[in-house]
Amino acid sequence: MPPRESGYVEMRGKPMPSWTLLPSRALLNLCSPGGSRGRLTILIYHRVLPQPDALFPGESHAENFDHQMGQLAGCFKIIPLLDAVRGLRQGKLPPRAACITFDDGYADNAEIALPILQKHGIPATFFVSTGFLDGGRMWNDTVIELIRRAPGDALDLTPIGLGQLEIGMLPQRRRAIDNVLDAFKYLPLESRRLRVEEMCALIPVIPSRNLMMTSDQVRLLHNAGMEIGGHTVNHPILARMENNAAAYAEIANGKDILESIIHAPVRLFAYPNGKPGRDYMADHARMVREIGFDAAVSTAHGAARAGSDLYQLPRFTPWDRGAARFMLRMAQNMLKPIDTV
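So, here's what we can say about the structure.

Cut-offs applied
- Chains are numbered independently. Their residues run from 1 in the order of the written sequence.
- Since the coordinates come from a predicted model, pLDDT governs what is reported: local features require at least 70, and pairs of side-chain atoms require 80 or more to be given and counted, while whole-chain, interface and lining totals use all residues.
- Excluding hydrogens and water, the side-chain values take into account all heavy atoms of the structure.
- For the purposes of this entry, the term helix denotes a DSSP run of H or I that reaches at least four residues, the term strand denotes a run of E that reaches at least two, and both are numbered from the N terminus.
- What a helix is expected to span follows from its residue count: subtract one and scale by 1.5 Å.
- Whether a residue is buried, partly exposed or exposed follows from its accessible area with a 1.4 Å probe, protein chains only, as a fraction of its type maximum: under 20%, in between, or over 50%, in that order.
- Contact between two residues is taken to exist if any of their heavy atoms lie within 4.5 Å; hydrogens are not considered.
- Polar contact criterion, stated in full: a pair of N or O atoms within 3.5 Å, where within protein one must be able to donate a hydrogen and the other to accept it, and residues adjacent in sequence count only if both atoms are side-chain atoms.
- Nonpolar core, defined: a set of buried Ala, Val, Leu, Ile, Met, Phe, Trp, Tyr and Cys residues in which side-chain atoms within 4.5 Å join the residues together.
- Orientation is described by axes fitted as lines to C-alpha atoms, over the contacting stretch for helices, and by angles from 0 to 180 degrees between their N-to-C directions.
- Here the word oblique covers every angle except those under 35 degrees (roughly parallel), over 145 (roughly antiparallel) and from 65 to 115 (roughly perpendicular).
- For any pair of crossing helices, the crossing counts as left-handed if the nearer helix is rotated counterclockwise from the farther one by less than a right angle, and right-handed if it is rotated clockwise.
- Any residue outside Ala, Val, Leu, Ile, Met, Phe, Trp, Tyr, Cys, Pro, Asp, Glu, Lys and Arg is labelled polar, Gly included; the first ten of those are nonpolar and the last four are charged.
- Patches in this entry comprise residues that are over 30% relatively accessible and not in a salt bridge; like charges within 9 Å are linked, as are nonpolar side chains (Val, Leu, Ile, Met, Phe, Trp, Tyr) within 5 Å.
- Only the protein chains shown count as cover for residues, and all accessible areas are computed by the Shrake-Rupley method using a 1.4 Å probe.
- Salt-bridge detection follows one rule: a side-chain nitrogen of Lys or Arg within 4 Å of a carboxyl oxygen of Asp or Glu.
- Two aromatic rings from Phe, Tyr or Trp, using only the six-membered ring of Trp, form a pair when their centres are within 6.5 Å; if the ring planes differ by under 30 degrees the pair is stacked, by over 60 it is edge-to-face, and anything between is tilted.
- Placement of a positive charge over a ring is assigned whenever Lys NZ or Arg CZ falls within 6 Å of the ring centre and within 35 degrees of the normal to the ring plane.
- If DSSP finds at least two bridges between two strands, the strands pair.

Here's the deal with helix 9 (residues 244-262)
Here comes step 1: The end-to-end C-alpha distance of helix 9 is 28 Å, a good match for the 27 Å that 19 residues give at a rise of 1.5 Å each.
Here comes step 2: All of the buried residues along helix 9 are A246, A247, E250, I251, A252, G254, K255, L258, I261 and I262.
Here comes step 3: Close packing links the buried residues of helix 9 with strand 4 (125-128), helix 7 (189-202), helix 8 (215-223), strand 7 (227-230), strand 8 (268-270) and helix 10 (282-291).
Here comes step 4: A distance of 3.1 Å separates the backbone nitrogen of A245 from a side-chain oxygen at the start of helix 9, and that oxygen is part of N243.
Here comes step 5: Once helix 9 finishes, H263 follows within two positions and takes phi at roughly 55°, a positive value.

Observations regarding the nonpolar core
Here comes step 1: Ranked by internal contacts, the top residues of the largest apolar core, which has 78 residues, are L72, F76, I100 and F102.
Here comes step 2: By size, the runner-up hydrophobic cluster in this structure holds 22 residues, among which are L55, L146, L165 and V180.

Re the packing of helix 4 (residues 107-120) against helix 8
Axes are the key here: two packed helices are described by the angle between their axes and the distance separating the axes.
Here comes step 1: It is the contact of helix 4 with helix 8, at a shortest axis distance of 9 Å, that shows an interaxial angle of 40°. Relative to helix 8, helix 4 is oriented oblique. Crossing geometry of helix 4 relative to helix 8 is assigned as left-handed. Between helix 4 and helix 8, the residues in contact are A107, N109, A110, E111 and L114 and Q217, L220 and L221, respectively.
Here comes step 2: Class assignment of the residues belonging to the contact of helix 4 with helix 8 gives a composition of five nonpolar, two polar and one charged.

Digging into a nonpolar patch on the surface
Here comes step 1: The grouping of L27, L30 and L328 at the surface amounts to a nonpolar patch, some 290 Å² of accessible area in total.
Here comes step 2: Relative to the elements of secondary structure, L328 occurs in helix 11 (residues 323-334).

Details of the environment of I257
Here comes step 1: Among the secondary structure elements, I257 is positioned in helix 9.
Here comes step 2: Judged by relative accessible area, I257 falls into the partly exposed class, the value being 34%.
Here comes step 3: Contacts of I257, omitting those with residues within four sequence positions, involve T130 and V233.

A look at the side chain of D53
Here comes step 1: With respect to the element layout, D53 can be found in the loop between strand 1 (40-45) and helix 2 (62-75).
Here comes step 2: Of note is the side chain of D53, whose polar atom sits 2.9 Å from the backbone nitrogen of L55.

Structural notes on the packing of aromatic side chains
Here comes step 1: Overall, the coordinates contain eight aromatic pairs when judged by the stated rule.
Here comes step 2: With a centroid separation of 5.9 Å and 65° between ring planes, the pair formed by F65 and F102 is classed as edge-to-face. One end of the pair, F65, is in helix 2; the other, F102, is in strand 3 (residues 97-104), with 37 residues separating them in the sequence. Just as F65 is buried, F102 falls in that class too.
Here comes step 3: An aromatic cluster of three or more residues is present, and its members are Y45, F65, F102 and F126.
Here comes step 4: Seen from the ring of F293, K255 lies directly overhead, with NZ or CZ sitting 5.5 Å from the centre.

A short note on the pairing of strand 6 (residues 163-166)
Here comes step 1: Alignment of strand 5 (residues 154-157) against strand 6, held across four bridges, turns out to be antiparallel. Paired with A154 across the bridge in strand 6 is E166.
Here comes step 2: Hairpin connection, strand 5 to strand 6: the antiparallel pair is bridged by five residues, and G161 has positive phi, about 80°.

Given below as structure tokens:
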């Protein structure tokens, strides 16, 4: 789901002229010289909105995503994730290697992000939770839309144990959303579903049902040369599932459904939520390997290198507003130790 607690980089004005990228490339070359000393930066995105969202001003939208892709294409060698996995195995990464990934399967990935990626000649990997395709909606988006559209200045959630939340101003609505998401996130899957249904009964609004991709949009991305990866069926936090058999089924069934849609192997996986030791465990990494994926990505910070666990590749969420600070943050991320389980 979109990491509401961390924003996205917001590029303002025109893209940086090419001559200003030279210092950035030089810095990144020092951190990621390629070959056996290479570092692989994998970036995480979720949504790319058509316009800025007043409720979530840090959310990526078409204009700043376009600017950011231009800067990244000028500073990094952006390659498909499967190519990067092969490079890690063989110690043959190009200098400044990077990959772009999207989680969950939002419709705007196909409608907004894809044309921008094509404009810049950038490949990407889209990790899709299949249970929300063709008219479904993730639980967190239901919560967000209920509170976004709730009338009045206060929201009484006392019947479900969350008290009364102030929502009269945008910062209060954002805080209310964060509080409810935090309260529900680590509940067991069925308990969380019931709590969201109770919340729907308390708030007299109807959330949108067109947020997620259709199966045709998944095929569109695949036919455009983008990689499609598994992300389970229902986006559960694997470490909170009732048993290993249920977790295995979520991983394997999501893969099978995607392969039936694109008629091609699905070889990459992303752990829902993705924190090692909290959201997934060593058993789940073993399952991903057994089910037949070639590699998997987490949400631990850092950059992969030769010898990294290919089933626990780290990823980075950019969030600095300024272009120069963004590149500095990217360089710092390459030097971080990697968390695994």
